Amino acid sequence: MRVSIDQSALAPPVAPTASSASPYRRRFLLALVALAAAWLLPLAVTAVDASWLLPPVVLLTTASLLRGGRTLLDRLLLATVLLVCLTTVAGLFFTTWPWGMAPVPLAGTALTVLVLAALASGRRPTLPRPAWADLFPVVGTAAIVWYLAQPLLRAGDLVGRLTVFTRGEDYLRHLTLVDVIGRHGGYAFTDADAIRDHLVSLLVYYPQGWHLIVALLNGHLVPPGSTADAAALAEPFLWWNVAGFGLLVLTMLWAAQRLPGPLHPLTRGLLTVVVGALVLGSQLPRMLWSGYPTETLGLTLAVVLAVLVARPLTASREHLLLLGALVVGIGYVYYLFLPPAVLLVVGSLLVRRREVLRVRHTARVVGLATFVLAPIPILLGVLRANQTESLTATVGPDLTETWLAFGILGAIVVPALLGLALRVERTDPTWRRWLFVLLASTLFTAGIGLVSLVLGGEIGYYFNKAAHLTTAFLIVGMAAAIRLLPVPRRGRPARTAVAGVTAVAVAATVVLFGGVTGWQRSLLVVEPQTWAQRWVHMEVTAPARAAVVCDEVVRRYPAVDGVTTLVLDRGTYDSYLENICVSTLQGTTAQTEAATYSLLFIEPGRTWQMLHATPGEIRLVATDTGAESRARRLLRSLPEIRERVTIESMIVERPGD
């Protein structure tokens, strides 16, 4: 028997040819070029004073490496929230490296990470073409943002902008945080001892994710620390607030159109009108009026997370990464929404456990990182600052609008969801999952109210904020009701006509009774004007007294080292608000804290407490004749304090005050 031997097997191995090795060389050279460009581009852009280009470049690069979503808007929105969430975590390291939040190292590091991620995943940068479906959320958002930007367009000077700030005192505290984080180069709570001389103590452990992002973006317009006070930040700060609310609107419009899947253009248009009108006619614009930018961003992240739970991405690893990042981001931006976010993610993973097991290694890494990073702000707030005491507040906002939103929207959305889940589209689990989203949010809202009662408080402030989350989910859930309406069909003119008439009737009804036109008060608010209308028609051309006093004091009495400047006005709340404003613009909130917070709101007791609580030299700026007389009488009976107090008379008289 002959044995056949393959002679080629005995031949010596052949060295790889240049052609076979060239792909590896090309990849290696391409990687080197990309890594070099990651740093050369920020250097070149910064050299020509165009640092503002760097955030869009990072955003587009991130979006080009994602694969979730079908449209360009899907990619850009998912990339935006991913970058927001990852930036809140990166803020932990900004204070540990020597560059703070300088644009070049930030952009260079971000682009380097993206290049390495592309090499590790083998993904090439690519973006979907713009689709006509993206126009509906984008155009709707642009119209709403233009409408809401009117008071800022009318506020032509610092006094006008301060009038907006003094409508809700929280704006001033948020401005303080943005200013301090920008000058400090990172989170305040990472170096609490060093920051105490620059920041009021109640803000040291406040969730600071939104403030970090705004300070970082401001640094690409004006380098952090380039101004001596916060006055220069006032205008961009207000625009970032409106932009943040615009991102929430865009997210809700996008979410409402993502839930049902493919839609007819008529349905998309109707959804845009309905969701936009409900946002404007509900309590949500109150966040602009009262100055709640952190809650606005927290709601945005929560809506994206809920939509991904209801309609997951097809790429499992990317889906898990986004879920983990969103949970962490919510923890750093507005950790009140962290419990329902965790509940939604855990419930989703349990239902989709088979898909999770296929990528178990990714799930372990993402889960561990989320478990370690997400609780840091809430643990600091609870253990270091005792922030749970806010749940025991005995006063709070009127809850009528919350019950109206729950009752009216719930009566429409819940039956529609049940109809789709149990009868019309039983094979699509999206609607059952959105029912789970609403259930989790409702239980969370009820839980906040119950905890407030158990701790001896009343259902109020934080119950109302938790209800904002449920309200946002109900508005997005209107997609279920719209989904049940007739849709035009080719070759069936009667059905097309019925669908068109129905869409126009529904849109007109929601716009009218949502209070958008002003002809009819909104069914979702108590006052004749909606919160959006109150914000838009704010009287900034006739500035508030607090704004006039604050601007005048800052200009006439600059901050002096070792001297605490305090304002005395006709009323206790006037003095309180003006002191917050002046100390914010002068960067002296830490020095004036004892004379501003936790004091009586009656006179002369408040003035007495202010004088005794403030060490060192005091400069009292009296803006009312009665306040000046009261202070002088009080000082005559306090010889031990009189020697270190100087009274400056700056009487402010305005018609109508």
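These remarks concern the structure in this document.

The rules behind these values
Residues numbered from 1 in each chain as written. Predicted model: local features only at pLDDT ≥ 70, side-chain atom pairs only at ≥ 80, totals over all residues. Heavy atoms only, no water. Core = buried A, V, L, I, M, F, W, Y, C linked by side-chain atoms within 4.5 Å. Buried < 20%, exposed > 50% of the residue type's maximum accessible area, 1.4 Å probe, protein only. Helix = DSSP H or I, 4+ residues; strand = E, 2+ residues; numbered from the N terminus. Contact = heavy atoms within 4.5 Å. Pairing = 2+ DSSP bridges. Axes fitted to C-alpha atoms, helices over the stretch in contact; angles between N-to-C directions. Disulfide = S-S within 2.5 Å.

Quick look at the nonpolar core now. Core analysis: the largest hydrophobic core is formed by 168 residues, its most contacted members being M252, L305, W434 and W535. Looking at this core element by element, the count peaks at 13 residues for helix α12 (residues 234-258). Those residues in contact with W535 that lie beyond four places of it in its chain are L148, P151, L152, V164, Y171, V242, L288 and W289. Core analysis: the second largest hydrophobic core is formed by 16 residues, M610, L611, A631 and L638 among them.

Here we take up the sheet that holds strand β3 (residues 645-649). One open sheet holds the 3 strands; their spatial order is β1-β2-β3, and the pairing between them is parallel. Strand pairing shows two members of the sheet lacking a second neighbour, β1 (563-568) and β3, which therefore form its edges. Averaged over all pairs of adjacent strands, the angle between their axes in this sheet comes to 25°, without regard to strand direction. Looking at chain direction, strand β2 (residues 617-622) and β3 are connected through 5 bridges and run parallel. Within the sheet, the bridge partner assigned to L620 lies in β3 and is I647. On the sheet, helix α30 (residues 605-613) packs against β1, β2 and β3 and is oriented at approximately 175° with respect to β1. Contacts from helix α31 (residues 625-636) reach β1, β2 and β3, with the element oriented near 160° to β3.

For the rest of this paragraph, the subject is the state of the cysteines. Here the structure, examined in full by the defined rule, presents 1 disulfide. The disulfide partner of C550 is C581, and the S-S distance across this bridge is 2.1 Å. On the sign convention where negative means left-handed, the S-S torsion of about -85° between C550 and C581 marks this disulfide as left-handed. With C550 in helix α27 (residues 545-556) and C581 in helix α28 (residues 572-586), the pair connects residues that are 31 residues apart, well separated along the chain. Given the relative accessible area of 0%, C550 is considered buried. For C581, a relative accessible area of 0% corresponds to the buried category.

Any link to function would need more than the numbers given here.
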